Amino acid sequence: MSFVEYGDTIKDGDTAIVFLGHESMFPVKVQHGSKTQTKYGVIRHSTDLIGKRYGSKVTCSKGGWVFILHPTPELWTMNLPHRTQILYSTDISLITMMLELKPGSIVCESGTGSGSLSHAIIRTVAPTGHLYTVEFHQQRAEKAKEEFQEHKVEHLVTVKNQDVCKNGFGVSNVADAVFLDIPSPWEAIGHAQSALKIEGGRICSFSPCIEQVQRTCLAMEEHGFTEINTLEILLRVYNVRTISLQIPDLGKAAEDNSSTGFDSTNQSNQGSLYGILQQGTAQFKSGVPLKEMVGHTGYLTFATKSLF
């Protein structure tokens, strides 16, 4: 099992996703002799998982069943253990596109955090690219390195435990793109410029507060970055459902009534008039927005390293 290479069968030591439903899933490390408890009963790794194909329907001890899915960066983002606040697929998708990442790209990132974006970047730059990720917190850096080894992507990533604002990324003139998710990104812009290739590259900074964005934009301009722009993504989800609406009376019934001397003021005739106006309903599919939606997460500031 690898997050960048698909494997057909579940093996001892793999990380798999136990899927109970669209709103209920969790990761599990497959180990010979281990058991995993779910609301549908026990899953025995030796007999129920190891050797089975990914995507298999597994029956638990209480008679209920679950699906065992191959891990992907998208599923990992939804199920990873949170050591910090993380980026989700909405922001990640724009970041990978706007940084122009592709197989073979060299990327510098700070901070690593819980590794949500890191896994997406690794999958994008594989098999010949590389990610240099810097984490200030020692325990988080060690845990991220351990997860990369478990997910068999350690050859695509280098984890460093240092302060990027003081010590930089540890590389110079090699990166195609730089991503910053730190409290004071403006202090690391100079190091980001040094890490980017001489012929140019892209940079992105994620900040939750607009004051951070202002200082970061000023620092980017001072260091010669161009095409500076800031975006915010607000995802609005729609439910597709069947809607029933009354077919409107466009006046034909009223014209017919007047021509036949129909007295609408007569109480005995009002029931008949209501029946004429209520001529029927039509059903059709429509997109209806949810009553609640995810609001502000953060601002994404992008820029390009100038060649001059």
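Fair warning: this is a prediction, and the values are worked out from it, not measured in the lab.

**Student:** Just checking my understanding: could you explain the environment of Leu94 for this structure?
**Tutor:** Note on placement: Leu94 falls in helix α3 (residues 89–98). Taking relative accessible area as the criterion, Leu94 reaches 15% and is therefore assigned buried. Every residue in contact with Leu94, bar those within four places of it in the chain, is listed here: Leu231, Ile233, Leu300 and Phe302.

**Student:** What's the story with the layout of surface pockets in this structure? I'm lost.
**Tutor:** If you roll a probe as big as a water molecule over the atoms, it shows you where there is empty space left. Here the largest pocket defines a volume of roughly 1,000 Å³. Lining the largest pocket are 45 residues, and of these Gln85, Ile86, Leu87, Asp181 and Phe206 sit closest to its centre. When contributions to the lining of the largest pocket are tallied by element, the ones reaching two or more residues are α2 (73–79), α3, β7 (106–110), α4 (116–125), β8 (130–135) and α6 (164–167). Looking at which element gives the most residues to the lining of the largest pocket, the answer is α3, with 3 residues. Grouping the amino acids of the lining of the largest pocket by side-chain chemistry returns 21 nonpolar, 17 polar and 7 charged. Every residue lining the second largest pocket is listed: His22, Glu23, Ser24, Met25, Met78 and Tyr88. For the lining of the second largest pocket, the class distribution of residues is 3 nonpolar, 2 polar and 1 charged.

**Student:** Honestly, the environment of Thr216 in this entry has me stumped. Any pointers?
**Tutor:** Structurally, the position occupied by Thr216 is in helix α8 (residues 210–222). In the structure, Thr216 is positioned 53 residues away from Asp163 in sequence and 17 Å away in space, judged by C-alpha atoms. Not counting residues up to four positions away in its chain, the partners in contact with Thr216 are Pro185, Trp186, Ile189 and Ser205.

**Student:** Explanation requested: helix α5 (residues 138–150) in the structure shown.
**Tutor:** Every α-helix carries 3.6 residues per turn, so stepping three or four residues along brings you back to the same face. Compared with an ideal rise of 1.5 Å per residue, which puts 13 residues at 18 Å, α5 spans 19 Å between its outermost C-alpha atoms and is within 8% of the ideal. For α5, the set of buried residues is Ala141, Ala144, Glu147 and Phe148. Buried positions in α5, seen along its axis, are confined to an arc of 125° and lie on one side of it. If you follow the buried residues of α5, they end up packed against α2, α4, β8 and β9 (157–161). Lys152, located one to two residues past α5, shows a positive phi value of around 60°.

Thresholds, definitions, all that
Residues numbered from 1 in each chain as written. Predicted model: local features only at pLDDT ≥ 70, side-chain atom pairs only at ≥ 80, totals over all residues. Heavy atoms only, no water. Helix = DSSP H or I, 4+ residues; strand = E, 2+ residues; numbered from the N terminus. Buried < 20%, exposed > 50% of the residue type's maximum accessible area, 1.4 Å probe, protein only. Contact = heavy atoms within 4.5 Å. 1 Å grid on protein atoms, 1.4 Å probe; cavity = no way out; pocket = protein on both sides within 12 Å on 5 of 7 lines; lining within 4 Å. Points joined across faces, edges and corners; volume = space filled by probe spheres on them. Nonpolar A, V, L, I, M, F, W, Y, C, P; charged D, E, K, R; others polar. Expected span 1.5 Å × (residues − 1). Arc of directions from axis to C-beta.

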